[in-house]
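Listed below are the residues making up each chain.
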There are 2 protein chains.
Amino acid sequence: MDQAAELFAERGYHPTSVADIVESLGVGKGVFYWYFSSKEELLAEILKSSHQDLRRRQQQAIADEPNPVERIRLGIRASMQWFCEHRKHFTIFQFAASDERFAPVLRRNQEVAIADAVRHIKDAIVEGNIADQDPEVLAQAVVGVVEQLTQTYIFERSEPVDRAADAAVAFCLHGLCGE
Amino acid sequence: MDQAAELFAERGYHPTSVADIVESLGVGKGVFYWYFSSKEELLAEILKSSHQDLRRRQQQAIADEPNPVERIRLGIRASMQWFCEHRKHFTIFQFAASDERFAPVLRRNQEVAIADAVRHIKDAIVEGNIADQDPEVLAQAVVGVVEQLTQTYIFERSEPVDRAADAAVAFCLHGLCGE
DNA sequence: CGAGCGCTTGACCGGTCGGTCAAGAACGCG
DNA sequence: CGCGTTCTTGACCGACCGGTCAAGCGCTCG
């Protein structure tokens, strides 16, 4: 499944044939259809498992951190680190978002991620560290910043994750105006 | 070309055949290859012209506005308005970003958009309305926020553009912490 | 009128794709 | 060893795709 993700990311979903996948694995075509009912199901499975993996990483990173703002900072950092290590999944996510068959799966995954973020934002609002605005809007905006900076600075320019993560955190906390 | 964009957005690039496109136009296949050398060139052309259209809209919106922060606000608003009216192009952009053949074109387009934003951010820094940080990072972050909020609130939840735009502007200016 | 050219048609081609299936290998078990 | 189950193979199928091209339409201009 990991090998298939690699191929999907390199060449795109449609241009990668089932024949390509099984060949790169050195197995016959039958074995593919023994474990997956279709090529479509394979991609859905990749989407699901990578989302779980990212979420696990976020939870590990913020475990036991009492300060909610610090949890957000660590979550952003962990997410960017994960994308850096799993660049291929980023491309796959982008494709999936553009395909009507996979967009719903992706949307549900993102709803979970947003819900996670919302919890910490609410905590921070209660503690008075974050202004009292709609937490979901804030969470969506944070996700947007993280994805954009990840793509530009980590993938396209290969800058260190730390630098990009610090920039993302700084913007998310204080926006254009600074503190 | 507009009709083709519609189909690409609805069904995706690969699943939309040249036969589908010419059929929906009620013309023969030959006429397609008279005007475009390939299906790939058609998409590249769509990418190019829609980028120009969006940029024109931004420039119209901010024309004659002396205050750089206000220009940024108007630019964000105009962009979200444009995406709202050209939803199909948003989906196409997403697909293009996931395909190695089109990603370079898209990247150049985005570089232009970022450069536009950077100019106004620099002006605002000079005037002291925006903190003195790397303007390009700020511009990238703004783009991320705009794209994410557009997708979630305008496309998925059909909220009014004004509300989404106000939320984007508020976040971009002051981040999580508020003013 | 008719020669030439820009434009249009749609049958056709070579090739590829997702998915099937009959055949059999590998293995556990009595 | 014989038998059933699980897993594996790769040739094969029908469908479809991007792209070509010989043929023809209709407009302009001499």
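Each remark here, short or long, concerns the structure printed above.
All values derive from a computational prediction rather than experimental measurement. (Residues numbered from 1 in each chain as written. Chains lettered and ligands numbered in written order. Predicted model: local features only at pLDDT ≥ 70, side-chain atom pairs only at ≥ 80, totals over all residues. Heavy atoms only, no water.)

**Student:** What is the right way to read the interface of chain A and chain B from this model?
**Tutor:** It is common to report an interface's size as the accessible area lost on association of the parts. With 42 residues of chain A in contact, the opposing surface of chain B contributes 42 residues. Where chain A packs against chain B, one counts four salt bridges. Residue Glu136(A) pairs with Arg157(B) through a salt bridge whose shortest N-O separation is 2.7 Å. Contributions of two or more residues to the side of chain A that touches chain B are made by helix H6 (87–97), helix H7 (103–126), helix H8 (135–156) and helix H9 (161–174) of chain A. Broken down by element, the side of chain A that touches chain B gets its largest block of residues, 15 residues, from H8(A). Its residues placed into classes, the side of chain A that touches chain B shows 21 nonpolar, 14 polar and seven charged. (Contact = heavy atoms within 4.5 Å. Salt bridge = Lys/Arg side-chain N within 4 Å of Asp/Glu carboxyl O. Helix = DSSP H or I, 4+ residues; strand = E, 2+ residues; numbered from the N terminus. Nonpolar A, V, L, I, M, F, W, Y, C, P; charged D, E, K, R; others polar.)

**Student:** Help me understand H7(A) in this model?
**Tutor:** Every α-helix carries 3.6 residues per turn, so stepping three or four residues along brings you back to the same face. With 24 residues, H7(A) extends 34 Å from end C-alpha to end C-alpha; this agrees with the ideal 34 Å at 1.5 Å per step. Listing the buried residues of H7(A) in full gives Ala103(A), Leu106(A), Asn109(A), Ile114(A), Asp116(A), Val118(A), His120(A), Ile121(A), Ala124(A) and Ile125(A). (Expected span 1.5 Å × (residues − 1). Buried < 20%, exposed > 50% of the residue type's maximum accessible area, 1.4 Å probe, protein only.)

**Student:** What is the right way to look at the relation of the copies chain A and chain B in this model?
**Tutor:** Both copies of the chain are related by a screw-like operation: a rotation about an axis and a shift along it. Superposing chain A onto chain B takes a rotation of 180° combined with a translation of 0.0 Å along the rotation axis, leaving an RMSD of 0.0 Å. The superposition of one copy onto the other is thereby described by a two-fold rotation axis. A share of 100% of interface residues in chain A that are also interface residues in chain B marks the association as one of identical surfaces. (Least-squares fit on C-alpha atoms with pLDDT ≥ 70 in both.)

**Student:** Just to check I follow, could you spell out the packing of aromatic side chains for this structure?
**Tutor:** The description of an aromatic ring pair rests on the distance of the ring centres and on the angle between the ring planes. Residues and elements named next belong to chain B. Following the criterion strictly, the structure yields 21 aromatic pairs over all chains and no others. Plain terms: the ring middles of Phe83 and Phe90 are 5.2 Å apart, the flat faces sit at 85° to each other, and that makes the pair edge-to-face. Residue Phe83 is classed as buried on the basis of its relative accessible area of 6%. Since its relative accessible area comes to 6%, Phe90 is described here as buried. The ring centre of Tyr13 lies 4.6 Å from the NZ or CZ of Lys39, which sits over that ring. (Phe/Tyr/Trp six-rings, centres within 6.5 Å; stacked < 30°, edge-to-face > 60°. Lys NZ or Arg CZ within 6 Å of the ring centre and 35° of its normal.)

**Student:** Even after reading the chapter, I still don't get the protein's contact with DNA strand C, so can you show me in this structure?
**Tutor:** Among the 15 residues in the neighbourhood of DNA strand C, the closest are listed as Val18(A), Lys29(A), Lys39(A), Gly28(B) and Gly30(B). By atom count, sugar and phosphate contribute 53% of the portion of DNA strand C lying within 4 Å of the protein. The backbone of Lys29(B) places a nitrogen or oxygen atom 3.3 Å from a base nitrogen of DNA strand C. For the surface near DNA strand C, the secondary-structure elements that each account for two or more residues are helix H3 (29–35) of chain A together with helix H3 (29–35) of chain B. Looking at the surface near DNA strand C, the element that brings in the most residues is H3(B), giving five residues. The class makeup of the residues in the surface near DNA strand C is six nonpolar, six polar and three charged. (Near = heavy atom within 4 Å. Polar contact = N/O pair within 3.5 Å; in protein donor to acceptor, adjacent residues only side chain to side chain.)

**Student:** Just to check I follow, could you spell out the protein's contact with DNA strand D for this structure?
**Tutor:** Around DNA strand D sit 15 residues, and of these Gly28(A), Gly30(A), Val18(B), Lys29(B) and Lys39(B) come closest. Expressed as a percentage, the sugar and phosphate content of the atoms of DNA strand D within 4 Å of the protein is 56%. A distance of 3.3 Å separates a base nitrogen of DNA strand D from a polar atom in the backbone of Lys29(A). Contact distances for DNA strand D include 3.4 Å between a phosphate oxygen and a side-chain N or O atom of Trp34(A). Within the residue set of the surface near DNA strand D, elements represented by two or more residues are H3 of chain A together with H3 of chain B. For the surface near DNA strand D, the element with the highest residue contribution is H3(A), accounting for five residues.

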